Amino acid sequence: MQAGRTDWLLAHGRRLDLARGRLMAIVNVTPDSFSDGGQHFGVESAVAHGLRCLEEGADILDIGGESTRPGAVEVSPAEEQDRILPVIERLVRERDALISVDTYRAETARLAIAAGAHIVNDVHGLQREPDIAKVAAETGAGLCIMHTGRGREKLPDMIEDQFLFLTRSLEIAEAAGIARGAIVLDPGFGFAKETEAENVELMALLDELKAFGLPLLVGTSRKRFLGTITGRSTPERDAATAATTVLLRMKGAAVFRVHNVAINRDMLAVTDAILEAERRAKAGKR
């Protein structure tokens, strides 16, 4: 891993070795998410889906109670919490699973971690509710800081904008006292990267973000740009998603947020085997 680091430090004394690729399964407890809205809306359905994802090889379950698709209607903090907290409690109790909470709200994050969650996944990169950084610091939670271009003017150069936004987020994290070993970065595919060309360019240049010296999490799963490339409808984009998993793992990504765990598990297994063979071959030449 970058800078010799392999462990992702998480809440409740847990950690996750990132020396190999890891899968974060999407569990949307929402009626309106872009790919699976309504499919797992309700505690029993969401828990059952989470358990299936674990059986298929997920390392983390990412539980969200508010859709982040463009144009989605915001829900109240109370409604978000009512949707996700019972799901988190059940999954932790039944399987002691690693849980991520997909939220930008400080109070939701605090309650989720108290319910057993280990990771905070903030799609606003700590810049909408900066108090969420204090929650992560105080609880020792793992933190995913995502880049977004929504609600602001982006720089013309895509990578310069990544560095501008993520550097600011990391300053907030440092000021709050978050351990660097708790942080991963997400370049935010599809979040104000509106065109196929923008998202493909970001994939091509992903390895430039290694300069941060932090592990990278990516979420391309079933995104619209994959439909533009392939002509496939949203539920038919799992093969295209798996292709990006291979490419982005080769470019250094460590964690992959996906809808279909099984196909991406197989792709990661093959890719990691190739990367390990490459490392052995290079070591043998020295």
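Everything here concerns the structure above.
Quantities reported herein were computed from a predicted structural model and do not represent experimental measurements. (Residues numbered from 1 in each chain as written. Predicted model: local features only at pLDDT ≥ 70, side-chain atom pairs only at ≥ 80, totals over all residues. Heavy atoms only, no water.)

Chemist: Break down the sheet that holds strand 10 (residues 255-258) for me, with residues and values.
Modeler: Strands sit in the order 8-7-6-5-4-3-10-9 across an open sheet of eight strands; the sheet is parallel. Two strands bound the open sheet, and with one partner strand each, they are strand 8 (183-186) and strand 9 (217-218). Bridge count between strand 5 (residues 99-102) and strand 6 (residues 119-122): three bridges; the pairing is parallel. Its bridge partner lying in strand 6, Val101 is registered against Val120. Contacting strand 3 (22-28) and strand 4 (60-64), helix 1 (residues 43-56) crosses the sheet at an angle of about 165 degrees to strand 3. (Pairing = 2+ DSSP bridges. Helix = DSSP H or I, 4+ residues; strand = E, 2+ residues; numbered from the N terminus. Contact = heavy atoms within 4.5 Å. Axes fitted to C-alpha atoms, helices over the stretch in contact; angles between N-to-C directions.)

Chemist: Kindly report on unusual backbone geometry, identifying the contributing residues and their values.
Modeler: In the Ramachandran plot, Leu126 falls in the positive-phi region, its phi being about 75 degrees despite a non-glycine side chain. Positioned with a positive phi, Ala192 is a non-glycine residue whose angle comes to about 65 degrees. By the secondary structure assignment, Ala192 is in the loop between strand 8 and helix 6 (196-204).

Chemist: Got a sec to walk through the pattern of salt bridges? Specific residues and values, please.
Modeler: Considering all chains together, one arrives at 25 salt bridges under this definition. We note a salt bridge from Asp161 to Arg152, for which the minimum N-O separation is 2.6 Å. Under the relative-accessibility criterion, Asp161 is labelled buried at 1%. Residues participating in the shared-partner salt-bridge network are Glu44, Arg90 and Glu94. (Salt bridge = Lys/Arg side-chain N within 4 Å of Asp/Glu carboxyl O. Buried < 20%, exposed > 50% of the residue type's maximum accessible area, 1.4 Å probe, protein only.)

Chemist: Which residues make up helix 3 (residues 106-115), and what are the values?
Modeler: Those residues of helix 3 not exposed but buried are Ala106, Thr108, Ala109, Ala112, Ile113 and Ala115. The elements touched by buried residues of helix 3 are helix 2 (77-95), strand 5, strand 6 and helix 4 (131-139). Positioned one or two residues after helix 3, Gly116 has a phi angle of 125 degrees, which is positive.

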